[in-house]
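# What the coordinates show
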Amino acid sequence: AGRWPQAFSESRHWCFLRLKPGTEPVRALIEPFLWTWQFDAVDPKRAELLSSWVSKLIDGKVTLRDLIDATEARYHDELHQPKPPAFLLYIDQGEELYIRAEERQRRRFSEIVARGLGDPRLRAMMSMRADFFGDLMKDEALYAVHRLIKVPPLREAQLREVVSRPAQLLSARFETEGLADIITRRTVEDAVKDVGALPLLSYTLDDMWKHMIERGDGVLRLPA
């Protein structure tokens with residue numbers, strides 16, 4: 001509707017990196033960078049580099065800036081590709097940092113990312129459940145650099161659009177006319193009792209889409 005923000009002027013050419021913290025967040029942080037280095041999946045060199053970067057980042061011998069420098073050098077010197085104008089790090093399910101990660105790993109991950117954001121080449125976004133915001137407030141390093149964006153809960157009409165609109169845009173259809181409404185209604189009912197209802201919905205829709213692609217019939221069906 002308005003002018004595209006200057007900060008996103010070259011965003012189509014950014015390098016997008018996605019991770020979930022899991023039990024080893026520092027390792028999870030490095031892996032998406034190394035995947036862009038285009039090693040063969042079974043090349044032992046990739047595993048050796050991953051182990052080395054994890055150890056050195058945890059011990060403070062290198063920084064995220066060093067990893068970005070090395071990634072750009074890999075693009076230029078070995079892959080002969082232009083370096084991206086920026087790297088966007090998307091930390092999905094950020095609450096894992098506080099419920100799955102060992103304390104030293106969690107603390108170092110927060111320190112590494114917070115310090116790394118001083119590099120103008122790096123952007124970061126972390127999504128997390130609202131009930132874990134208290135844990136973020138206790139995380140001194142990440143809290144100091146955070147900017148909060150609140151995402152309000154979806155109402156039934158909005159949820160119905162989330163379920164049905166992508167299929168409409170991509171010329172897919174649901175198996176029965178009322179299936180999208182059934183999925184929406186079940187999700188609304190489940191969300192009252194379980195905060196995991198929306199993630200479960202995303203898994204269900206993703207599964208339906210993958211099976212539709214495999215069949216090649218353009219019809220979205222509930223998993224058997």
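A few points on the structure. (Residues numbered from 1 in each chain as written. Predicted model: local features only at pLDDT ≥ 70, side-chain atom pairs only at ≥ 80, totals over all residues. Heavy atoms only, no water.)

Below, the discussion takes up the overall build of the chain. Secondary structure summary: the chain contains 10 helices and five strands in total. Counting every position in the chain, which comprises 224 residues, the buried fraction comes to 36%. Within the chain, residue pairs in contact and separated by at least 24 positions form 66% of the contacts whose partners lie at least 6 positions apart. As presented, the chain carries roughly 14400 Å² of accessible surface, and 53% of it is formed by carbon and sulfur atoms. Side chains of the chain carry 34 positive and 35 negative charges; the gap between the two charge centres is 3 Å. (Helix = DSSP H or I, 4+ residues; strand = E, 2+ residues; numbered from the N terminus. Buried < 20%, exposed > 50% of the residue type's maximum accessible area, 1.4 Å probe, protein only. Contact = heavy atoms within 4.5 Å. Areas by Shrake-Rupley, 256 points an atom, 1.4 Å probe, with all protein chains shown as cover. Lys, Arg positive; Asp, Glu negative; His and termini not counted. Charge placed at Lys NZ, Arg CZ, Asp CG, Glu CD.)

The next subject is the sheet that holds strand β3 (residues 122-126). Pairing in this open sheet of three strands is parallel, and the strands run β1-β2-β3 from one edge to the other. The sheet is open, and its two edges are formed by β1 (15-19) and β3, each paired on a single side. On average, adjacent strands in this sheet sit at an angle of 20° to one another, irrespective of strand direction. With five bridges joining them, β1 and strand β2 (residues 87-91) adopt parallel strand pairing. Bridging from a neighbouring strand, Leu19 pairs with Ile91 of β2. Contacts between helix α3 (residues 64-78) and the sheet are confined to β1, β2 and β3, with β2 contributing the most and set at about 125° to the helix. (Pairing = 2+ DSSP bridges. Axes fitted to C-alpha atoms, helices over the stretch in contact; angles between N-to-C directions.)

Contact geometry for helix α9 (residues 179-193) and helix α10 (residues 197-215): axes closest at 9 Å, N-to-C directions at 155°. Relative to α10, the element α9 is oriented roughly antiparallel. The interaxial crossing formed by α9 with α10 has right-handed handedness. Side by side, α9 and α10 meet where Leu179, Ile183, Thr187, Asp190 and Ala191 of the first sit next to Ala197, Leu198, Leu201 and Met208 of the second. For the contact of α9 with α10, the class distribution of residues is seven nonpolar, one polar and one charged. (Parallel < 35°, antiparallel > 145°, perpendicular 65-115°, else oblique. Left-handed = near helix turned anticlockwise from the far one by under 90°. Nonpolar A, V, L, I, M, F, W, Y, C, P; charged D, E, K, R; others polar.)

Attention now goes to helix α8 (residues 156-169). The end-to-end C-alpha distance of α8, which contains 14 residues, comes to 20 Å, matching closely the 20 Å that a straight helix rising 1.5 Å per residue would cover. Considering bend angle alone, the principal kink of α8 is centred on Val163 and spans about 35°; proline Pro166 follows within four residues of it. Those residues of α8 not exposed but buried are Leu159, Val163, Ser164 and Ala167. Contact partners of the buried residues in α8: β4 (173-174), α9, α10 and β5 (219-220). Positive backbone phi, at 60°, marks Ser171, one or two positions downstream of α8. (Expected span 1.5 Å × (residues − 1). Bend = angle between axes of the 7 residues up to and from the residue.)

Here we take up the nonpolar core. Val26, Leu29, Ile30, Phe87 and Phe109 are the most contacted members of the largest nonpolar core, which totals 33 residues. Elements with a minimum of two residues in this core: β1, α1 (25-35), α2 (44-58), α3, β2, α4 (96-99) and α5 (103-116). At six residues, the largest contribution of residues to this core is made by α1. Ignoring sequence-local partners within four residues, the contact set of Val26 consists of Val54, Leu57, Ile58, Gln105, Arg108, Phe109 and Ile112. Core analysis: the second largest hydrophobic core is formed by 12 residues, Val163, Phe174, Leu201 and Met212 among them. (Core = buried A, V, L, I, M, F, W, Y, C linked by side-chain atoms within 4.5 Å.)

Okay, the environment of Leu170 next. Tracing the chain through its elements places Leu170 in the loop between α8 and β4. By relative accessible area, which is 56% here, Leu170 ends up exposed. Residues Leu170 and Gly218, 48 residues apart in the sequence, show an inter-C-alpha distance of 9.3 Å.

Before going further, it helps to examine unusual backbone geometry. Even without being a glycine, Gln38 presents a positive backbone phi close to 65°. Checked against the element boundaries, Gln38 lands in the loop between α1 and α2. Its identity is not glycine, yet Gln93 carries a phi of approximately 50°, on the positive side. Inspection of the secondary structure puts Gln93 in the loop between β2 and α4.

Function cannot be inferred from these measures alone, as they are strictly geometric.
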